[in-house]
Amino acid sequence: MTDFELMTAADVPLMQVLAQRVTATRPDLVGAGASYGELAWIWGQGSTLYGATWPRRLWFSGDELVAWAWAFLPRQVRRSDGSVRQVTGANLTYQVHPDRTELIDEVIDWYDGVAAGLERTVCLTDAEEFALTRWAAHGYEADTEALGDDGDWTQLNERDLTDVDQPVLPDGFRFRTADEAGPQAAVRAHVDAWAPSSYTVESYEAVRQTAAYRGDLHILVQAPDGTMACSTIMWFDEVNKSVEFEPVGTHPDYRRRGLARAMMLHGMRLARAAGATHATVVCTGTPEHAGTQRLYLGLGFRELSRDVPLIKSATTG
């Protein structure tokens, strides 16, 4: 067990190994921010800008990591449209091996200490029954705002890659990889799809430096005018032969043309050729995002688990 320290690039592979071990037996216990791919993506796209506000703690049994906690403290987010968003509360991502649930209370105590005086949020999965009782015992309640019709709770979806349809793009569109298109195009595709965004070329470079990233599994759709109309990164967990789509986004001017569907089918076929037998993707589960849910269901994905967002006020303990 280590003392308080800031998150580092060297921590990510250790945390990913634990994600792989839990995924192998209980994938429903792996929250959206704690998966093999999300760990690399979140670290890469935010570390340069926000790393100084990311404390973490690791728990070991001998040389083996058995639990970790990664806190996101107040910060200032500057976005591509020039706006600035102030994040005033704290959020936690964590993972505890299912054989070491006695550590959950230590995770909670550490989080309450590092985020004392702040509003605190955390997301579990609905399969974490014991953990849910422990968070409740420490004063955490359902986050009604996150669970609302315009909230941001997510669900994890999965499918196997036995039968994957042939992708069909509209005339003049073509598939590219990030290796082919280059950093500027890859970043532009993301910023256009998720505007306003804090993603930069420097952020992308940090993503590329993670061991999990593969430029040949970072797929884009190029429009006839050269615009990168759609993009996704696939994170290949070779241990579990599973590929995770994160993020998936389409330029507003090119939506409802079947581009994301074609891109994901193309990606699944590439992943299968690389050795994957299984795929996952996370989506927001609220009615506001019903279109994305229909896309994934239409691609053969089915819900595996969903978030249970919890909150504790700044004035509660």
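This is a predicted model, so every value here is computed, not measured.

**What about the packing of helix H2 (residues 36–50) against helix H7 (residues 201–209)?**
What describes two packed helices is the angle between their axes and the distance between those same axes.
Phase 1 of the analysis: Between H2 and H7, the least distance of the axes is 7 Å, while the angle of their chain directions is 135°. Judged by the angle between their axes, H2 and H7 are oblique. The two elements H2 and H7 meet at a crossing, and its hand is right-handed. The residues of H7 that touch H2, namely those facing Trp 41, Gly 44, Gln 45, Ser 47, Thr 48 and Leu 49, are Glu 202, Ser 203, Ala 206 and Val 207.
Phase 2 of the analysis: In the contact of H2 with H7, the residues fall into four nonpolar, five polar and one charged.

**Here's the deal with the pairing of strand S11 (residues 218–222)**
Phase 1 of the analysis: With five of its five residues buried, S11 lies for the most part within the structure.
Phase 2 of the analysis: Of the two faces of S11, the one lined by His 218, Leu 220 and Gln 222 and the one lined by Ile 219 and Val 221 are each fully buried.
Phase 3 of the analysis: In this structure, strand S10 (residues 174–177) lies alongside S11, joined through four bridges in antiparallel fashion. Of the residues in S11, the one forming a bridge with Arg 174 is Gln 222.
Phase 4 of the analysis: Both S11 and strand S12 (residues 228–237) contribute to a ladder of five bridges, which runs antiparallel. Each residue of the ladder has a partner; that of Gln 222, found in S12, is Met 228.
Phase 5 of the analysis: Taking the residues that link successive antiparallel strands as the turn, the S11-S12 hairpin has five residues, and the phi of Gly 226 there is positive, at about 95°.

**Digging into the packing of aromatic side chains**
Phase 1 of the analysis: One pass over the structure, following the stated rule, counts 13 aromatic pairs.
Phase 2 of the analysis: When the ring of Trp 43 is compared with that of Trp 54, the centres are 5.9 Å apart and the planes differ by 55°; the resulting orientation is tilted. Of the two residues, Trp 43 sits in helix H2 while Trp 54 sits in the loop between H2 and strand S2 (55–61), which places them 11 residues apart along the sequence.
Phase 3 of the analysis: Relative accessible area serves as the criterion here: at 11%, Trp 43 is assigned to the buried category.
Phase 4 of the analysis: Ring centres 6.5 Å apart and planes at 20° place the aromatic pair Tyr 111 and Tyr 140 in the stacked group. A residue pair is termed long-range when its members are at least 10 positions apart, and Tyr 111 in helix H3 (residues 104–114) and Tyr 140 in the loop between helix H4 (129–137) and strand S8 (141–142) qualify at 29 residues.
Phase 5 of the analysis: Classification of Tyr 111 by relative accessible area gives buried; the value is 0%.

**Some thoughts on the UniProt feature "domain: N-acetyltransferase" (unreviewed entry) in the chain**
Phase 1 of the analysis: Mapped onto this numbering, the UniProt entry annotates "domain: N-acetyltransferase" (unreviewed entry) at residues 173–315.
Phase 2 of the analysis: Taken end to end, residues 173–315 has its terminal C-alpha atoms 54 Å apart, with 35% of it in helix and 32% in strand.

**So, the side chain of Asp 105**
Phase 1 of the analysis: As for its placement among the helices and strands, Asp 105 is situated in helix H3.
Phase 2 of the analysis: Among all residues touching Asp 105, those that are not within four sequence positions of it are Arg 134 and His 138.

**Let's talk about the state of the cysteines**
Phase 1 of the analysis: In total, this model carries zero disulfides according to the counting rule given.
Phase 2 of the analysis: Of the cysteine sulfurs around Cys 230, a residue in no disulfide, the closest is that of Cys 283, at 16 Å.
Phase 3 of the analysis: Take Cys 283: it sits in no disulfide, and the sulfur closest to it among the cysteines is that of Cys 123, at 14 Å.
Phase 4 of the analysis: For Cys 283, a relative accessible area of 4% corresponds to the buried category.

**Overview of unusual backbone geometry**
Among all residues save glycine, negative phi is the norm, and among peptide bonds the norm is trans.
Phase 1 of the analysis: Look at the link from Ala 195 to Pro 196: it is a cis peptide, with omega at -5°.
Phase 2 of the analysis: Residue Glu 246 is joined to Pro 247 through a cis peptide bond whose omega torsion reads -5°.
Phase 3 of the analysis: Mapped onto the fold, Pro 247 is located in strand S13 (residues 242–250).
Phase 4 of the analysis: Positive phi outside glycine occurs at Lys 241, with the angle close to 50°.
Phase 5 of the analysis: For Lys 241, the location among the structural elements is in the loop between S12 and S13.
Phase 6 of the analysis: The phi dihedral of Arg 256 falls on the positive side, at around 65°, and the residue is not glycine.
Phase 7 of the analysis: Of note, Arg 256 is situated in the loop between S13 and helix H8 (259–274).
Phase 8 of the analysis: By relative accessible area, which is 86% here, Arg 256 ends up exposed.

About the criteria used
- Residues numbered from 1 in each chain as written.
- Predicted model: local features only at pLDDT ≥ 70, side-chain atom pairs only at ≥ 80, totals over all residues.
- Heavy atoms only, no water.
- Axes fitted to C-alpha atoms, helices over the stretch in contact; angles between N-to-C directions.
- Helix = DSSP H or I, 4+ residues; strand = E, 2+ residues; numbered from the N terminus.
- Parallel < 35°, antiparallel > 145°, perpendicular 65-115°, else oblique.
- Left-handed = near helix turned anticlockwise from the far one by under 90°.
- Contact = heavy atoms within 4.5 Å.
- Nonpolar A, V, L, I, M, F, W, Y, C, P; charged D, E, K, R; others polar.
- Buried < 20%, exposed > 50% of the residue type's maximum accessible area, 1.4 Å probe, protein only.
- Pairing = 2+ DSSP bridges.
- Phe/Tyr/Trp six-rings, centres within 6.5 Å; stacked < 30°, edge-to-face > 60°.
- UniProt positions renumbered as here; feature names shortened; annotations may be inferred.
- Disulfide = S-S within 2.5 Å.

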